Amino acid sequence: MAPAPTSTKTLTTTGNGTVMKTTEESFKLTSTSNGSALSNGLNSPLVTSSNGKVSESLREKTGSKTDNSKSKRIEDEEPLKLVWRNVFLFIYLHTAAFYGAYLWLSGQVMWQTFLWGFLFYCMSGFGITGGAHRYWAHRAFKANTPLRLILAFMQTVAFQNSIHEWCRDHRVHHKFTESNADPHDARRGFIFAHIGWLMCRKHKDVKEKGKCIDMSDLEADPIVMFQKNYYVPLVLTISFFIPTLVPWLFWGENFITAWFFAAQFRYCITLHMTWLVNSAAHMWGLRPYDKTINPAENKSVAFWAFGEGWHNYHHVFPWDYKTAEVGQYRYNFTAAFIDFFAWLGWAYDLKSVPKNIVLQRVCRTGDGSHANHVHTESEKEFEHPEAGPWGWGDADIPPEDIAVTEILYSQKEE
Ligand SMILES: [Zn+2]
Ligand SMILES: [Zn+2]
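Residues numbered from 1 in each chain as written. Chains lettered and ligands numbered in written order. Predicted model: local features only at pLDDT ≥ 70, side-chain atom pairs only at ≥ 80, totals over all residues.

**Digging into the overall build of the protein chain**
Check the secondary structure of the protein chain and you find 18 helices and six strands. Residues classed as buried in the protein chain amount to 47% of the 414 residues present. Partitioning the contacts of the protein chain with sequence separation of at least 6, the portion at a separation of at least 24 is 74%. (Helix = DSSP H or I, 4+ residues; strand = E, 2+ residues; numbered from the N terminus. Buried ≥ 20, exposed ≤ 12 C-beta atoms within 10 Å, placed from the backbone. Contact = placed C-beta atoms within 7 Å.)

**Digging into the nonpolar core**
Judged by nonpolar contacts, the single largest core of 73 residues is most densely connected at F141, L276, I338 and A347. Sequence-distant contacts of F141, defined by excluding residues within four places in its chain, comprise R134, Y135, Y321, I338, A347, Y348, D349, L350 and K351. Listed in part, the five residues of the second largest apolar core include F176, A181, V206 and I213. (Core = buried A, V, L, I, M, F, W, Y, C linked by C-beta atoms within 7 Å.)

**Focus on the UniProt feature "transmembrane region" (unreviewed entry) in the protein chain**
Per the UniProt annotation, the sites labelled "transmembrane region" (unreviewed entry) are residues 82-102, 114-132 and 230-250. In this annotation, residues 82-102 is assigned 90% helix and 0% strand; the end-to-end C-alpha distance for the span is 30 Å. For the annotated span residues 230-250, helix accounts for 95% and strand for 0% of the residues, and the straight-line distance between the end C-alpha atoms is 27 Å. (UniProt positions renumbered as here; feature names shortened; annotations may be inferred.)

**Observations regarding the confidence of the model for the protein chain**
On average, residues of the protein chain score 82 in pLDDT, and 78% of them are at 70 or above. Scored below 50 in pLDDT, residues 1-71 shows 146 contacts in the model against residues more than four places distant or in partner chains. (pLDDT = per-residue confidence, 0-100.)

**A look at the environment of D396**
With respect to the helices and strands, D396 occurs in the loop between α17 (355-365) and α18 (399-404). Taking the C-alpha atoms as reference, D396 lies 9.2 Å from K175; in sequence the two are 221 residues apart.

**Considering the environment of L359**
Along the chain, L359 falls in helix α17. Along the sequence, L359 and H373 sit 14 residues apart, while their C-alpha atoms lie 7.4 Å from each other.

**Thoughts on helix α7 (residues 163-175)**
Over its 13 residues, α7 extends 18 Å from the first C-alpha to the last, a length consistent with the 18 Å expected when each residue adds 1.5 Å. Taken residue by residue, α7 has I163, H164, W166, C167, R168, D169, H170, R171, V172, H173, H174 and K175 as its buried positions. In this fold, the buried residues of α7 make contact with α5 (111-137), α6 (145-158), α9 (204-211), α10 (216-219), α11 (222-229) and α15 (311-316). (Expected span 1.5 Å × (residues − 1).)

**A few points about helix α13 (residues 255-278)**
In a regular helix each residue adds 1.5 Å, so 24 residues correspond to 34 Å; α13 covers 34 Å between its end C-alpha atoms and thus fits that length. Along its length, α13 reaches its greatest deviation from straightness, about 25 degrees, at F265. In terms of residue burial, α13 counts as a mostly covered element, since 19 of its 24 residues are buried. (Bend = angle between axes of the 7 residues up to and from the residue.)

**Some thoughts on unusual backbone geometry**
Phi is positive for F159, close to 45 degrees, though the residue is something other than glycine. Within the secondary structure layout, F159 lies in the loop between α6 and α7. Judged by local crowding, F159 falls into the buried class, with 20 C-beta atoms found within 10 Å. For N161, which is not glycine, the phi torsion reads 80 degrees and is therefore positive. Inspection of the secondary structure puts N161 in the loop between α6 and α7.

**Things to note about the packing of α5 against helix α16 (residues 333-344)**
In the contact formed by α5 and α16, the axes pass within 10 Å of each other and the chain directions differ by 70 degrees. By the criterion of interaxial angle, the relationship of α5 to α16 is roughly perpendicular. For the pair α5 and α16, contact is made by F126, T129, G130 and R134 and by T334, F337 and I338, respectively. Of the residues assigned to the contact of α5 with α16, the class counts are three nonpolar, three polar and one charged. (Axes fitted to C-alpha atoms, helices over the stretch in contact; angles between N-to-C directions. Parallel < 35°, antiparallel > 145°, perpendicular 65-115°, else oblique. Nonpolar A, V, L, I, M, F, W, Y, C, P; charged D, E, K, R; others polar.)

As structure tokens, this is what we get:
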């Protein structure tokens, strides 16, 4: 089915003068083009906007201007307001996690409980990376109902807000990276990007621009809405009661040990592993794909966050299901996880950016650290769009990028 152009519904002018299109209708444009429109242009020789050419229409639409995010200042700074309830909850969590670590290191945790905690750690990881991040927030692949149920269950184990809220924060993060509208704006420093943002009230721009993000695809997903509506009982049961009660009832673990190790310690570790993507991977590492943005390639974060540390690539090509260029699953367990389900036939329409397109972008905007970077005159001309696409399905993803994206394990819609 050919994508039908839809009209712009409203224009929102923000504090910085950025004009952003409400994407409620525009999702229709790209969601209908997900499958069929793509197969026509896989090997198109077009130089895409990803390669640095920002089309006039995109620039008009987003009000984008030449900008280097590294030099962005925090304009219109509001004093941060602490949310004391969250501060106390995090103090409890870290105290409890330290006690859980002590129980483990002093040999008081049964091996079955250790494996049980590790299982919940892995489920949390894949629930966030494969589920909330690559599937729901970025639409980087499609999944059948059993896989969506598994991903939603595992995302609930992670207790990082409902899928709906997680994805809205993440789409705003991609569209307005390192601006006042970025929920974990890394310009405010490591602590803020890591944990501080969860202990502060959201900046008004986060709320204002968050309302303009298209969430219609998630709101049409009954699994997402069920989890949102019953989030508190689901989280208490899946993330805390089950991890504690099973070791106690089934292999005689001490109840207190199960609570502090398998629930609190495990939860705290998974949070920090995820947060490193927002903090460390926005600060330290090479920028072979786009030197004008702060997100960087960070191998340590990639390892601990199941493949989410290749963050310079990810912010340039957010619709790529691998979130990285690297092959052989190098520190990218989530790509292996998705490939496994694609092999089973449960995941399909995996979006991937072809190597030649990636290399064109490397040569145009990279920092020179990529092994295949060839310096060209056009590197100087690059203008970074202020509001790039959050992923597949966003109206701001240029049609040229859609045309050259490869769709792996393609399946016809039921
Ligand atoms: Zn992302
Ligand atoms: Zn990021």
